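Each chain, written out:
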Amino acid sequence: RKEVEQDPGPFNVPEGATVAFNCTYSNSASQSFFWYRQDCRKEPKLLMSVYSSGNEDGRFTAQLNRASQYISLLIRDSKLSDSATYLCVVRLNQGGKLIFGQGTELSVKP
Amino acid sequence: DGGITQSPKYLFRKEGQNVTLSCEQNLNHDAMYWYRQDPGQGLRLIYYSQIVNDFQKGDIAEGYSVSREKKESFPLTVTSAQKNPTAFYLCASISRGGNPISEQFFGPGTRLTVL
């Protein structure tokens with residue numbers, strides 16, 4: 001079983017749609033949680049950290065359920081520019097190692 | 001501007017050759033990381049270093065070597081022992097200040113192709 005698993009993609013949605021990504025992690029030593037965005041052939045960039053209470057940044061909402069070891073990302077009112085691969089990332093207590101999910105590709109169409 | 005630079009952006013290598021990928025950061029970060037990404041997959045950790053003159057193997061260290069002689073530099077050598085080296089290589093760094101939500105910054109990556 002992979003340490004971090006994400007929904008297999010790709011997700012193809014029309015502009016304005018709401019889309020949700022799911023992620024599960026298996027290592028109980030996981031300390032911090034993130035969503036990164038990666039554009040085609042580019043490096044990943046931090047989209048948002050994920051807090052236990054849930055957090056929102058504009059059209060993006062992230063939630064964490066430690067009991068279920070589950071993380072989610074909700075994108076409302078999708079824009080063409082949201083098209084990218086979204087990576088679920090978990091940081092372990094030991095050494096600050098980051099464990100990446102395989103990514104979920106999102107394609108927003110006009 | 002502070003950041004991470006990787007060079008070259010594209011690299012072609014013949015089978016059997018060693019090649020070294022450069023990674024430099026001027027963020028004054030303590031910890032540096034090397035990842036490999038294959039098409040349609042997430043990033044896998046090759047090596048990491050939390051302090052100068054010290055480094056640890058990641059999940060897929062076989063066929064790779066690193067050094068950390070300076071805080072700002074963490075070069076990765078892909079040796080001829082790496083059986084499938086064609087991939088996108090990403091270097092990253094993070095401040096070791098203990099903040100668990102510190103962002104890990106990435107360089108632009110090097111695409112290595114073995115001919």
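Residue numbers restart at each chain and count upward from 1, following the sequence in its written direction. In the order they appear in the text, chains get letters beginning with A and ligands get numbers beginning with 1. Where local features are concerned, this predicted model is filtered to residues with pLDDT of at least 70; where side-chain atom pairs are given and counted, the filter is 80 or more; whole-chain, interface and lining totals use all residues. Computation of side-chain values covers all heavy atoms of the structure but excludes hydrogens and water.

Description of the state of the cysteines
Residues and elements named next belong to chain A. Two cysteine sulfurs form a disulfide in these notes if their separation is within 2.5 Å. A complete count under the given rule lists two disulfides over all chains for this structure. The disulfide that involves C23 links it to C88, with 2.0 Å between the sulfurs. Note on the C23 and C88 pair: the S-S dihedral is about -80 degrees, so by sign convention the disulfide is left-handed. Placement of the pair is C23 in strand β3 (residues 19–25) and C88 in strand β9 (residues 84–92), with a sequence separation of 65 residues. Only DSSP runs of H or I covering at least 4 residues are called helices, and only runs of E covering at least 2 are called strands; the numbering of each starts at the N terminus.

Looking at the pattern of salt bridges
Within this document, salt bridges are pairs made up of a side-chain nitrogen of Lys or Arg and a carboxyl oxygen of Asp or Glu, the two lying within 4 Å of each other. The final tally for this structure, using the stated rule, is seven salt bridges over all chains. Of the charged contacts, one joins E56 of chain A and R76 of chain A as a salt bridge, the two residues approaching to 3.6 Å between their closest N and O atoms. Residue E56 of chain A is located in strand β6 (residues 55–57), and its partner R76 of chain A is located in the loop between β8 (70–75) and β9; the two are separated by 20 residues in the primary sequence. Relative accessible area decides the class of each residue, using a 1.4 Å probe on protein chains only: under 20% of the type maximum gives buried, over 50% gives exposed, and in between gives partly exposed. Here E56 of chain A falls in the exposed class, since its relative accessible area comes to 58%. For R76 of chain A, a relative accessible area of 28% corresponds to the partly exposed category. The partner of K71 of chain B in a salt bridge is D30 of chain B, and the shortest N-O contact between them spans 3.5 Å. Of this pair, K71 of chain B sits in the loop between β7 (64–66) and β8 (76–78) while D30 of chain B sits in the loop between β3 (19–25) and β4 (31–37), and the two are 41 residues apart along the sequence. Each member of the salt-bridge network shares a partner with another, and the members are R36, D38 and R44 of chain B.

Side note on the pairing of strand β11 (residues 104–109) of chain A
Regular strands place side chains that alternate from one sheet face to the opposite one. Residues and elements named next belong to chain A. Strand pairing is assigned whenever DSSP detects at least two bridges linking the two strands. Here strand β2 (residues 11–14) pairs with β11 via four bridges, running parallel. Pairing of F11 across the sheet is with L106, part of β11. Two elements, β9 and β11, share three bridges in a ladder whose sense is antiparallel. Bridge pairing links A84 to L106 in β11.

Considerations on the sheet that holds β8 of chain A
All names here are of chain A. The five strands are arranged β1-β3-β8-β7-β6 in an open sheet whose pairing can be described as antiparallel. A strand with exactly one partner marks an edge of an open sheet, and here the two such strands are β1 (4–6) and β6. Going across the sheet, the axis of each strand differs from the next one's by a mean of 15 degrees, ignoring polarity. Only the contacting stretch of a helix is used when fitting its axis, a line to C-alpha atoms as for every element, and angles between N-to-C directions run 0 to 180 degrees.

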